[in-house]
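# Geometric and topological summary
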4 protein chains.
Amino acid sequence: GRPLVLIAGPCAIEEEGLTLRIAEFLKRLTSDLGIGLVFKASYDKANRTSVTSFRGPGIEEGLRILERVKRDFDVPVISDVHDLSQVAPAAEVLDILQIPAFLSRQTDLLVAAGETGRVVNVKKGQFLAPWDMRNAVGKIESTGNRQILLTERGASFGYNNLVTDMRSLVIMRETGCPVIFDATHSVQLPGGAGTSSGGQRQYVGALSRAAVATGIDGLFWEVHENPDKALCDGPNSLPLGDVPKMLKEILAIDAIVKESN
Amino acid sequence: GRPLVLIAGPCAIEEEGLTLRIAEFLKRLTSDLGIGLVFKASYDKANRTSVTSFRGPGIEEGLRILERVKRDFDVPVISDVHDLSQVAPAAEVLDILQIPAFLSRQTDLLVAAGETGRVVNVKKGQFLAPWDMRNAVGKIESTGNRQILLTERGASFGYNNLVTDMRSLVIMRETGCPVIFDATHSVQLPGGAGTSSGGQRQYVGALSRAAVATGIDGLFWEVHENPDKALCDGPNSLPLGDVPKMLKEILAIDAIVKESN
Amino acid sequence: GRPLVLIAGPCAIEEEGLTLRIAEFLKRLTSDLGIGLVFKASYDKANRTSVTSFRGPGIEEGLRILERVKRDFDVPVISDVHDLSQVAPAAEVLDILQIPAFLSRQTDLLVAAGETGRVVNVKKGQFLAPWDMRNAVGKIESTGNRQILLTERGASFGYNNLVTDMRSLVIMRETGCPVIFDATHSVQLPGGAGTSSGGQRQYVGALSRAAVATGIDGLFWEVHENPDKALCDGPNSLPLGDVPKMLKEILAIDAIVKESN
Amino acid sequence: GRPLVLIAGPCAIEEEGLTLRIAEFLKRLTSDLGIGLVFKASYDKANRTSVTSFRGPGIEEGLRILERVKRDFDVPVISDVHDLSQVAPAAEVLDILQIPAFLSRQTDLLVAAGETGRVVNVKKGQFLAPWDMRNAVGKIESTGNRQILLTERGASFGYNNLVTDMRSLVIMRETGCPVIFDATHSVQLPGGAGTSSGGQRQYVGALSRAAVATGIDGLFWEVHENPDKALCDGPNSLPLGDVPKMLKEILAIDAIVKESN
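Figured I'd write up the structure that's included with this text. Computed from a predicted structure; not experimentally measured. (Residues numbered from 1 in each chain as written. Chains lettered and ligands numbered in written order. Predicted model: local features only at pLDDT ≥ 70, side-chain atom pairs only at ≥ 80, totals over all residues. Heavy atoms only, no water.)

## Regarding the relation of the copies chain D and chain B
The operation relating the two chain copies consists of a rotation about an axis and a shift along that axis. Superposing chain D onto chain B takes a rotation of 180° plus a shift of 0.0 Å along the axis, which leaves an RMSD of 0.0 Å. Classification of the inter-copy transformation places it as that of a two-fold axis. Rotation axis and chain D: the residue whose C-alpha lies nearest the axis is G158 of chain D, separated from it by 2.0 Å. (Least-squares fit on C-alpha atoms with pLDDT ≥ 70 in both.)

## Considerations on the interface of chain D and chain B
Between chain D and chain B, the contact holds 4 residues from the first and 4 residues from the second. For the pair chain D and chain B, the two sides together bury roughly 360 Å², of which 74% comes from carbon and sulfur. Its largest share of buried area at the contact with chain B, chain D owes to F157, G158 and Y159 of chain D, together 87% of the area lost on that side. Our enumeration of links across chain D and chain B arrives at 0 salt bridges. Our count for the chain D to chain B interface comes out at 0 residue pairs in polar contact (both at pLDDT 80 or more). Among the residues making up the side of chain D that touches chain B, the classes are represented as 2 nonpolar, 2 polar and no charged. (Contact = heavy atoms within 4.5 Å. Buried area = accessible area lost by both parts, 1.4 Å probe. Salt bridge = Lys/Arg side-chain N within 4 Å of Asp/Glu carboxyl O. Polar contact = N/O pair within 3.5 Å; in protein donor to acceptor, adjacent residues only side chain to side chain. Nonpolar A, V, L, I, M, F, W, Y, C, P; charged D, E, K, R; others polar.)

## Some thoughts on the relation of the copies chain A and chain B
If you rotate chain A by 180° and push it 0.0 Å along the axis, it lands on chain B with an RMSD of 0.0 Å. Mapped onto chain B, 100% of the interface residues of chain A again fall at the interface, so both copies present the same surface.

## Here's the deal with the state of the cysteines
All names here are of chain C. The tally for this structure, following the rule as stated, stands at 4 disulfides over all chains. Two residues share a disulfide in this structure: C11 and C232, whose sulfurs sit 2.0 Å from each other. With a gap of 221 residues between them, C11 in the loop between β1 (5-9) and α1 (16-33) and C232 in the loop between β12 (218-224) and β13 (238-239) connect regions that are remote in the sequence. Its relative accessible area of 3% is what places C11 among the buried residues. (Disulfide = S-S within 2.5 Å. Helix = DSSP H or I, 4+ residues; strand = E, 2+ residues; numbered from the N terminus. Buried < 20%, exposed > 50% of the residue type's maximum accessible area, 1.4 Å probe, protein only.)

## Description of the side chain of E152 of chain B
All names here are of chain B. With respect to the helices, strands and loops of the structure, E152 is situated in strand β6 (residues 148-152). Taking the relative accessible area as the measure of exposure, E152 reaches 1% and is therefore buried. Not counting residues up to four positions away in its chain, the partners in contact with E152 are K124, V163, T164, D165, S168, L169, M172, I180, F181, D182 and S186.

## Things to note about the packing of aromatic side chains
Taken as a whole and assessed by the stated rule, the structure comprises 16 aromatic pairs over all chains. For the ring pair F102 of chain C and F127 of chain D, a centre distance of 4.3 Å and an interplane angle of 20° mean the geometry is stacked. Taken together, the residues span two chains, with F102 of chain C in the loop between β4 (96-99) and α4 (107-115) and F127 of chain D in the loop between β5 (119-123) and α5 (133-141). F127 of chain D carries the same exposure label as F102 of chain C, and that label is buried. (Phe/Tyr/Trp six-rings, centres within 6.5 Å; stacked < 30°, edge-to-face > 60°.)

## Some remarks on the pairing of strand β2 (residues 36-40) of chain D
Residues and elements named next belong to chain D. Burial within β2 is extensive, with 4 of its 5 residues counted as buried. Relative to β2, strand β1 (residues 5-9) runs parallel, the two being bridged by 4 bridges. The residue bridging L6 from the neighbouring strand is L37, located in β2. Following the chain from β1 across helix α1 (residues 16-33) to the adjacent parallel β2, one finds a crossover that is right-handed. Taken together, the 2 bridges between β2 and strand β3 (residues 77-80) define a ladder with parallel strand orientation. For F39, the partnering residue across the bridge sits in β3 and is V77. Note that the unit made of β2, helix α2 (residues 59-73) and β3 has a crossover that is right-handed. (Pairing = 2+ DSSP bridges. Right-handed = clockwise from strand over helix to strand, strands pointing away.)

## Describing the interface of chain A and chain B
Opposite the 39 residues of chain A that make contact, chain B presents 39 residues. Summed over both partners, the interface of chain A with chain B comes to about 3,300 Å²; 46% of that surface belongs to carbon and sulfur atoms. Taken together, chain A and chain B are joined by 2 salt bridges. The partner of R55 of chain B in a salt bridge is D108 of chain A, with the nearest N and O atoms 2.6 Å apart. Counting only elements with at least two residues in the side of chain A that touches chain B, the list comes to α4 (107-115) and α5 (133-141) of chain A. The element best represented in the side of chain A that touches chain B is α5 of chain A, accounting for 4 residues. In terms of residue class, the side of chain A that touches chain B is built from 13 nonpolar, 15 polar and 11 charged.

## Quick word on helix α8 (residues 204-214) of chain C
An α-helix turns once per 3.6 residues; consequently, residues spaced three or four apart project the same way. Residues and elements named next belong to chain C. With 11 of its 11 residues buried, α8 lies for the most part within the structure. Where α8 is concerned, the buried positions are V204, G205, A206, L207, S208, R209, A210, A211, V212, A213 and T214. One or two positions beyond α8, positive phi appears at G215, with a value near 100°.

## Some points on the pairing of β4 of chain C
All names here are of chain C. Residues I96 and Q98 line one face of β4 and the alternating positions L97 and I99 line the opposite face, and both faces are buried. With helix α3 (residues 84-93) bridging strand β3 (residues 77-80) and the parallel β4, this β-α-β connection has right-handed handedness. Across 4 bridges, the pairing between β4 and strand β5 (residues 119-123) is parallel. When the bridges of β5 are listed, L97 appears paired with V120. In this view, the connection linking β4 to its parallel neighbour β5 by way of α4 has right-handed handedness.

This is the structure in structure tokens:
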């Protein structure tokens, strides 16, 4: 197998300078380590727990900043599309269109994303079995687009908790699509903080190592210079300073697994 | 408490004649029993398991038929909205705009529905705790609209299965919103039949009686003249002929519960 | 169907006077209402959360008190057996031997209980599917004993929480065995209070009405004169004073359900 | 951290020759790899799905064979205790007394095992949260015995399915006790085959690598010369011939993780 790709960036585009600094840091690190990077940041958080939550700069300004990241650091960019009306403008800039987990069964959105010809990354709904994802794949493939990524980000486990079933990574790989593990959303405690989602940053390392040890294609991390001050998903984001050591350990595991299989 | 309201109709608008016959049957029955009826049918099934599944007549033709039901039988009508672009046309006809469970955290859709001034019925996501629904209520109330219904339709329970936690009906009533139990979707086995969802019609009666015994405001049933030939959700739909006897038993339970509390 | 039987009493035998007063209260109430009573109390709580939890008077003294209840109030008695060594002495006094949920797959205990010829009540393990209980039935029936009751008491739902799947009551009835709903254990939050189990007494009424509305044979309630001072399972026990009104409402629902089916 | 210990052997003692051959194979392999081995085999399967399932040779003959394994191959042995009466004889032979998952809350059994002074391995109940295990630890430590191992073997996830929450390995390590991952029971589908449990042997490798990548102290595998003919737990047992390659890959991961942390 090919070495792991890192998909990383801040949860939301908070402001341009911060976004560029994070991109620069990640680009240098992944170049040094010899692995691929896809930069991730959201221009709009459409399904926050509460109506008063921070949502981001909006699609126009957000795409402008993502385009700058792409050009300045020569790195592909990924972001969510939440509504049919976003697909066309997003596809002009984004290299990968991401379908949020809650929307992973919305046929029209999957088809519209597929029709752009861009790579489509579908996050597995918290309410889906891993084998159900072949239906998401089928919806996109009906457009002739076969560049599809599938991402695990936890399954509902009682209330306000998610569990990562590591079997799902193996099962989704049977579709032939590259499989990504979104470690930072998998440790969310959805709605667990009343009007926001809690998170368990302390398990991101262990779950990431575990997922990579099963044999996956990419790892998805939300990172921030100061997660405790992040305007979105702080409790489950990684401090940028922790990323280099964690990533090196993970690449060592990835090498072992890919050499044996 | 006021007596139960029945929200019922076929899963999808298959063809006009069938839709009208079902509406006529339900109107006569609920009039005879002295309870309220809201007629439900979908003009578009936007999140079917497979891309080849039947989706319905589309929004324009669907709303025309629902408007005819409304006029011919003097009955309020309810249907799903799946995308921002559907909200305005739907609100011209529908008395109640319904937010599908998968979309119950999509802030823009909740707010747009709230802004129409129509009643909004939010189905609880299979991935949400009952207390999380106060955030959905808050999103709609941010528009000044306080006519909100909350509907239970099962919670994720392992893979391809839902469980109805009857506590959720009591917990959601604490928001002050009327609470509906959607019995026919609660017995779905999502994705359980590979490229479609399975269903357990045989438990609709027991679960409906159970939910009504906890004390609720409305019951939601998908019905069909011949469920085994229905183009959508047949395995969990009720045969129209079973409805009268089931409903009478349920109203007797409803009367006991509402008289004591 | 025959009218509901009530299985009730304090979680543990705390002291003889209290035990007799509860039995007298329940006997009078059920006689007045014309339904059957089985008195329940534990002589030993063998699986408490913590090693320092109260356990009861022990088997010898406990059985002496249960025998007195049986004689003084002419009522059958039920209690748990936790170990092979308890089965023979317990069967001398108890009318029904109860297999705790955690032990519902222990073949030797099921067989030993079956061999006494007493009625055996098996609580469904929190980790079992309702259809798995046919295997428990098979183990007891291998002894020739066919007097078997099956009890629902909640299924594991994430961590420190149980959910009652009302379908399970219908499914277990298909074995031909009478089915009991243990409402007070179904609202436990196992381990939820750190070194003890929490409980949600406020849902006992709604869940009991719901279960009875599905059509069951018996209802199991732990009761106490003052649940907040109970030495065991206080958070989920019912105050004795609430029992008469709750029970009357439940019997009205039971009558409707059994008359129609 | 110290390198991983392997706990392995056949599910049940089927016959002496087979048991000795498996022990010899494992002893040679682990010596070559420079890691510790504990030999596991059950003399009695007390909680099989069906009353007609194979149970093993019984405690007397079983302990005789385990004693021979211990002596012939100079390897510590572990087996389950299911009842108070088994603890004393088992402790004469076994180096580690294992508490089955279903019995992990049975206070008397935990205390009796603790009192023998032997190491006690408690399997986490499928119905327990990882933090609940501190209560099991407390029960054993009440005897003064602090040689306690904790084992993950999956958590209930809907019906007839288990999920391994890899966070649980990290959480249980916070007790200070060594943590074992039982990979072969974690892939059981309990009761999933009607009158026996199904299993998913194909995920043992991925889950084992994942667990080791989180950082654990031991790995538990049931193995057999011919799993498809095993009298117990065949569907989830590993073929002996697959063990060397799988184990080498796992030890490489273990080395990386233990060197970094």
